[in-house]
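# Structural characterization, general
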Amino acid sequence: LTLAVVLPQHNLTYPWAWPRVGPAVRLAAAAVNSRRDLLPGFTLGWVFGNSEDRHGVCSDMAAPIVAVDLWLAHHPAAFLGPGCISSAAPVARFTSHWQLPLVTAGAEAHGFDDKSEEFGLTTRAGPSHRKLGELAVQLHRRFNWTRQALLVYWDEGMDDRPCYFAAEGLYMQLPTLSNITVTDVVFRHVGNFSFIIREIKAKGRIVYVCCAPDTLRELMLQAEREGLTGGDFAFFYIDTFGASLQGQRFPEPRRPWHRGDEHDARARRAFQVSGVGTGTHP
């Protein structure tokens, strides 16, 4: 039996990059083959295809082409990956047509929840944005936050758009609460957060933020200067894979507010009214 692996080959910014998960695939295949009771009469092997484009980012063109090549050349029994949303979607449509299962640690977007047609054979082993939205619903019910929620997220409309799809999970689930107003603010430039602060003051006490960790710190420092960190506002940082909490050396954690500069004390105070929403242990 052959397992087709379609993942980024070099780019370590992706949690499912091949240098990260390759050793686990090798160990899993060896463990399966060492037990005669698991696949009697078969030997499990794997073939690899790169889902990156020439710039080293996930590609909705490269991934399906690689998947088709692997299917034609090796007739795999299942696919592992892709993880990126933009790559996983077209490959999952092909594997569904071929009646082959696809297992991924990514594909977090809300659309993959629909198992009635094209994603019926896709299994996600990692966190999903629907679960993130359901968690937010439980928080709102628990603390009786019933009026407003504001989604503030970075989106350039490029690459895998992680914050766009993360916000989508909240945007789809929070309206299941009665009479709540959900508003979104999209930003593409950093440096001047005055517009975002005005929107927060006007439209939300419960604020969900998705952006780069350094951008979050700057936003929280601006919120502290504007008096939004005294307890009247609550900020939740969406960090699906816990990247903002990972230190330089495992298992050393990272303090999201800490940069070793003169703003650390203020940043730490500002972060006391924020929480990090992550689907995995850092």
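Residues numbered from 1 in each chain as written. Predicted model: local features only at pLDDT ≥ 70, side-chain atom pairs only at ≥ 80, totals over all residues. Heavy atoms only, no water.

With that out of the way, let us pick up the nonpolar core. Ranked by size, the top nonpolar core spans 25 residues in total, and within it Val-152, Ile-200, Val-209 and Phe-235 carry the most contacts. Residue assignment for this core shows that the elements contributing at least two residues are β6 (148-154), β7 (181-187), α6 (194-203), β8 (206-210), α7 (213-225), β9 (234-238) and α8 (264-271). Sort the elements by how many residues they give to this core and α7 lands first, with five residues. Ala-4, Val-6, Val-91 and Phe-119 belong to the second largest nonpolar core, which has 21 residues in total. (Core = buried A, V, L, I, M, F, W, Y, C linked by side-chain atoms within 4.5 Å. Buried < 20%, exposed > 50% of the residue type's maximum accessible area, 1.4 Å probe, protein only. Helix = DSSP H or I, 4+ residues; strand = E, 2+ residues; numbered from the N terminus.)

Turning next to the sheet that holds strand β5 (residues 122-124). Read from one edge of the open sheet, five strands run β2-β1-β3-β4-β5, paired in parallel fashion. Whereas interior strands pair on both sides, the edge strands pair on one side only; in this sheet they are β2 (45-50) and β5. Across the sheet, the mean angle from the axis of one strand to that of its neighbour is 25°, orientation sign disregarded. In the sheet, strand β1 (residues 2-7) pairs with β2 via six bridges, with the strands oriented parallel. (Pairing = 2+ DSSP bridges. Axes fitted to C-alpha atoms, helices over the stretch in contact; angles between N-to-C directions.)

Scanning the entire structure with this criterion turns up 11 aromatic pairs. The interplanar angle of 20° and the centroid separation of 5.1 Å between the aromatic rings of Phe-143 and Trp-145 together place this pair among those described as stacked. Among the residues examined, Trp-145 registers a relative accessible area of 22% and is labelled partly exposed. Lying over the aromatic face of Phe-143, Arg-142 brings its terminal NZ or CZ to 5.2 Å of the ring centre. (Phe/Tyr/Trp six-rings, centres within 6.5 Å; stacked < 30°, edge-to-face > 60°. Lys NZ or Arg CZ within 6 Å of the ring centre and 35° of its normal.)

Once that is clear, we can look at α8. Helical geometry note: an α-helix holds 3.6 residues per turn, so side chains three or four residues apart project in the same direction. Taken residue by residue, α8 has Asp-264, Arg-266, Ala-267, Ala-270 and Phe-271 as its buried positions. Each buried residue of α8 lies within a common arc of 160° when the element is viewed along its axis, so the set occupies one face. (Arc of directions from axis to C-beta.)

The next point concerns the pairing of β8. Along β8, five of the five residues are buried, which leaves the element largely enclosed by surrounding structure. Burial along β8 is two-sided: the face carrying Ile-206, Tyr-208 and Cys-210 and the face carrying Val-207 and Val-209 are both buried. Where β6 and β8 come together, four bridges link them in parallel fashion. For Leu-151, the partnering residue across the bridge sits in β8 and is Tyr-208. As defined by bridge partners, β8 adjoins β9 across four bridges and the pair is classed as parallel. Looking across to β9, one finds that Val-207 is bridged to Phe-235.

Looking now at the domain arrangement of the chain. Under the domain assignment, the chain is made up of domain 1 (2-124) and domain 2 (129-272). Summarising the inter-unit geometry, the C-alpha centres of domain 1 and domain 2 are found 31 Å apart. On the domain 2 side, the residues contacting the 13 residues of domain 1 number 10 residues. Seen at the junction of domain 1 and domain 2, the total is one salt bridge. A salt bridge links Asp-113 to Arg-130; the shortest N-O distance between them is 3.2 Å. Where domain 1 touches domain 2, the interface holds three residue pairs in polar contact (both at pLDDT 80 or more). Considering only residue class, the side of domain 1 that touches domain 2 consists of nine nonpolar, two polar and two charged. (Domains from an automatic or database assignment. Contact = heavy atoms within 4.5 Å. Salt bridge = Lys/Arg side-chain N within 4 Å of Asp/Glu carboxyl O. Polar contact = N/O pair within 3.5 Å; in protein donor to acceptor, adjacent residues only side chain to side chain. Nonpolar A, V, L, I, M, F, W, Y, C, P; charged D, E, K, R; others polar.)

This part covers the packing of α7 against α8. In contact at an axis separation of 9 Å, α7 and α8 are set at 85° when each is read in the N-to-C sense. The angle between α7 and α8 places the two elements in the roughly perpendicular class. Only Asp-264, Arg-266, Ala-267, Arg-269, Ala-270 and Phe-271 of α8 make contact with α7, whose side of the interface consists of Leu-216, Arg-217, Met-220, Leu-221, Glu-224 and Arg-225. The residue inventory of the contact of α7 with α8, partitioned by class, reads six nonpolar, no polar and six charged. (Parallel < 35°, antiparallel > 145°, perpendicular 65-115°, else oblique.)

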